[in-house]
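# Chains, contacts and geometry: an overview
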Amino acid sequence: MSSIGDMSGEIQHKSYWRFSKQDFLPEESFQSWGNYRSALSETCFRFKDRLISLSDDVNEIGELRKQSENEMKRCLTWWDLTWFGFGSVVGAGIFVLTGQEAHEHAGPAIVLSYVASGVSAMLSVFCYTEFAVEVPVAGGSFAYLRIELGDFVAFITAGNILLESIAGSAAVARAWTSYFTNLLNLPSNSLRIHTNLAEGFNLLDPIAVGVLVIAATIAIISTRKTSLINWIATALNTAVILFVIIAGFAHANTSNLKPFLPFGAKGIFQAAAIVYFAYGGFDNIATMAEETKNPSRDIPIGLLGSMSIITVIYCLMALTLSMMQKYTEIDKGAAYSVAFQSVGMNWARYLVALGALKGMTTVLLVGALGQARYTTHIARAHMIPPWFALVHPKTGTPINATLLITISSALIAFFSSLDVLASLLSVSTLFIFMMMAVALLVRRYRVKEITPQTNLLKLVLFLLIIIASSMGTSAYWGLNPNGWVGYAVTIPFWFLGTTGLSMLPQQREPKVWGVPLVPWLPSLSIAINIFLMGSLGAEAFERFGICTVVMLIYYVFFGLHATYDMAHLHRKAQSTEVNNEDMIGRKGP
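Residues numbered from 1 in each chain as written. Predicted model: local features only at pLDDT ≥ 70, side-chain atom pairs only at ≥ 80, totals over all residues. Heavy atoms only, no water.

An unreviewed UniProt entry annotates the chain as Cationic amino acid transporter 5 of Populus alba. As stated in UniProt under Subcellular location (unreviewed entry), the record for the chain gives "Membrane". UniProt, in the comment section headed Sequence similarities (unreviewed entry), describes the chain in these words: "Belongs to the amino acid-polyamine-organocation (APC) superfamily. Cationic amino acid transporter (CAT) (TC 2.A.3.3) family." (UniProt positions renumbered as here; feature names shortened; annotations may be inferred.)

See below:
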């Protein structure tokens, strides 16, 4: 048990590259088969304990970081975070999914899809920023949910974060291969290996694997060097995006915007739920708070600044594509390159493809940084083996966590097509962002041992009304998108829940930067995210459900017992410290 016990004392200096059982399974429950059987017999009791257990700011910022044995280097400024914001977001989503969703679901109204998903993303950015400023750790949303909603909710979110990280990197890597093929002027899928496997898994992609490995290697070497490479690549990519917008409007044909709503309003929100992936990645910025020199100043500037500009850019790019080419003729694989070719700018397709490749490369670079830091903090809490929490003493980066995400992403990218990955990814992303808005409301209206029990019960009731009414609105939209009777019931209930919440006294004021118009903006974020989730197809939820079941099985047999042991060891250490202080106090000087 010495490796866990280090958290309450001095960190023992050990070799980074070690692979003993204690590094992977140091908890008491896994020391013998007898211990494990005993732990399983207490599953219900332990689950109840974990369900109601909450972490706190001090534990997440201080004690858990000791599990990494070495500190990450504080080397980032608001300038780095702003460019990381661009680099983490502008990539496969805008260059690939825009064409796919305009062609299949939204038509020229794809610009409205980006407006809808952009509003939802900005609401989530507000929530992330307040948390990241006050809890500047690598865990991001996982740490924030552990503090406000407890271990079990944090675990479900952690599973979705890992799923989002792995599937997201795989999706971008697959898109990288598609644009590289287009840049070389080769037939679609010609660089992939064709097999007889099931549709969606039959095109093997070794290039995607290679790109993931290169991005991970750069991220492992140095956070600061990765920031420099990202800055240069993103600056070049931004120049290409400006070219796309300016040249695209110069060759615009407004007749291509008719009909503007070929698939109706339903198509707009179906596409919005998918292109939300294009905004994904900004949460990686929150995970870099631990490496930021001045989190309270740098994070709000980096997150809010970059995402505001990106939302405007996305809408302009979507409008450009719709005006250059009829939606029925848009190429689903390399939309912008083919669109420029269709207006006679054959040379521009290569510039666009090169810019897209640069954008997707930076997404993979920043993703390799952020995803590894999520994984590091999840391992610090022992929800996965703590070996993945270790930070290398020389590079100051979590090499083991980076390898876990990269190897997993590479395996999926090798087999799975982009459309299979995108829908699954959107469900996970929207679920996480919805939970973040809930956590923000809980943080404002509940403080442990201070909030009156009556107010706590009212808080729970109003949150349930907000969530249930949002789900009702989403369900009614899916069943009867042209109706109105259901909305006459669900929307007033949403207003009722949010108004009731606004009448409760807030128990906590943000220290530096806070979400404005609480509870209205977080409540709206919950409603929009649930609505967009409901706009996805049943297949996406089937995959999401299967993944969730797998997570729960893992939790019952491993995560629950590891985190239970970790929490109770920490309590014993605190109790021992208190007793020692009492003894010293009795002895006197």
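### Overview of the overall build of the chain
In terms of regular secondary structure, the chain is built from 23 helices and two strands. Computed over its C-alpha atoms, the radius of gyration of the chain comes to 24 Å, within 12% of the 25 Å expected for a compact globule of 589 residues. Taking all 589 residues of the chain together, 60% fall into the buried category. A total accessible area of about 22,900 Å² is found for the chain, and carbon and sulfur atoms account for 68% of it. One finds the centroid of the 39 positive side-chain charges in the chain at a distance of 2 Å from the centroid of its 38 negative side-chain charges. (Helix = DSSP H or I, 4+ residues; strand = E, 2+ residues; numbered from the N terminus. Rg over C-alpha atoms; globule rule 2.2 N^0.38 Å. Buried < 20%, exposed > 50% of the residue type's maximum accessible area, 1.4 Å probe, protein only. Areas by Shrake-Rupley, 256 points an atom, 1.4 Å probe, with all protein chains shown as cover. Lys, Arg positive; Asp, Glu negative; His and termini not counted. Charge placed at Lys NZ, Arg CZ, Asp CG, Glu CD.)

### Comments concerning the domain arrangement of the chain
Split by domain assignment, the chain resolves into domain 1 (21-52 + 545-574) and domain 2 (57-62 + 74-446 + 508-536). If you average the C-alpha positions of domain 1 and of domain 2, the two centres end up 32 Å apart. If you look at the interface, domain 1 gives 18 residues, while domain 2 gives 16 residues. Both faces combined, the contact of domain 1 with domain 2 buries some 1,600 Å², and carbon together with sulfur accounts for 73% of it. The largest share of the area that domain 1 buries against domain 2 comes from Phe24, Met551 and Tyr555, three residues that together contribute 31% of it. Put simply, domain 1 and domain 2 have one salt bridge between them. Arginine 50 is the salt-bridge partner of aspartate 151, the closest N and O atoms lying 2.5 Å from each other. There are four residue pairs in polar contact (both at pLDDT 80 or more) connecting domain 1 and domain 2. Counting residues per element, the ones that place at least two in the side of domain 1 that touches domain 2 are helix H2 (21-24), helix H4 (43-52) and helix H23 (538-587). Counting residues per element, the side of domain 1 that touches domain 2 draws most heavily on H23, which supplies 11 residues. Partitioning the side of domain 1 that touches domain 2 into residue classes produces 12 nonpolar, three polar and three charged. (Domains from an automatic or database assignment. Contact = heavy atoms within 4.5 Å. Buried area = accessible area lost by both parts, 1.4 Å probe. Salt bridge = Lys/Arg side-chain N within 4 Å of Asp/Glu carboxyl O. Polar contact = N/O pair within 3.5 Å; in protein donor to acceptor, adjacent residues only side chain to side chain. Nonpolar A, V, L, I, M, F, W, Y, C, P; charged D, E, K, R; others polar.)

### Structural notes on the nonpolar core
With 164 residues, the main nonpolar core has Tyr114, Tyr128, Tyr179 and Tyr314 as its most contacted residues. Ranked by residue count, the leading element in this core is helix H10 (residues 151-183), at 16 residues. The two domains that each donate at least three residues to this core are domain 1 (21-52 + 545-574) and domain 2 (57-62 + 74-446 + 508-536). (Core = buried A, V, L, I, M, F, W, Y, C linked by side-chain atoms within 4.5 Å.)

### Brief notes about helix H13 (residues 264-275)
If you check H13, its first and last C-alpha atoms are 17 Å apart, about what 12 residues at 1.5 Å a residue would give, namely 16 Å. Of all the residues in H13, the buried ones are Gly267, Ile268, Ala271, Ala272, Ala273, Ile274 and Val275. (Expected span 1.5 Å × (residues − 1).)

### Quick look at the confidence of the model for the chain
Residues at a pLDDT of 70 or more form 92% of the chain, whose mean pLDDT is 84. Here residues 1-12 is modelled with pLDDT under 50, and outside its nearest four sequence neighbours on either side it reaches 29 contacts, counting other chains as well. (pLDDT = per-residue confidence, 0-100.)

### Regarding the packing of helix H6 (residues 78-89) against helix H17 (residues 346-380)
The relative placement of two packed helices comes down to the angle between their axes together with the axis-to-axis distance. Contact pair H6 / H17: the axes reach a minimum separation of 6 Å and the direction vectors enclose 115°. As summarised for this structure, H6 and H17 are arranged roughly perpendicular, according to the angle between their axes. Crossing geometry of H6 relative to H17 is assigned as left-handed. Contacts between H6 and H17 pair Phe84, Gly87, Ser88 and Val89 from the former with Gly359, Thr362, Val363, Val366 and Leu369 from the latter. In the contact of H6 with H17, the residues fall into five nonpolar, four polar and no charged. (Axes fitted to C-alpha atoms, helices over the stretch in contact; angles between N-to-C directions. Parallel < 35°, antiparallel > 145°, perpendicular 65-115°, else oblique. Left-handed = near helix turned anticlockwise from the far one by under 90°.)

### Notes on the side chain of serine 469
Among the secondary structure elements, serine 469 is positioned in helix H20 (residues 453-479). Those residues within four positions of serine 469 in sequence are excluded, and the remaining contacts are Thr490, Phe493 and Trp494.

### Here's the deal with the packing of aromatic side chains
For the structure shown, the criterion picks out 38 aromatic pairs. Measuring from ring centre to ring centre gives 4.9 Å for phenylalanine 131 and tyrosine 144, while their planes differ by 10°; the resulting arrangement is stacked. On the criterion of sequence distance, the pair formed by phenylalanine 131 in helix H8 (residues 110-134) and tyrosine 144 in helix H9 (residues 141-148) is long-range, its members being 13 residues apart. This pair shows no difference in class: phenylalanine 131 is buried, exactly as tyrosine 144 is. Taken together, the aromatic side chains of Phe30, Trp33, Tyr36, Phe47, Phe152, Phe155, Tyr554, Tyr555 and Phe558 make up a single cluster linked through ring pairs. (Phe/Tyr/Trp six-rings, centres within 6.5 Å; stacked < 30°, edge-to-face > 60°.)

### Section: the side chain of serine 470
Assignment of secondary structure puts serine 470 in helix H20. Setting aside residues up to four positions removed in sequence, serine 470 forms contacts with Trp494, Ile526, Ala527 and Ile530.

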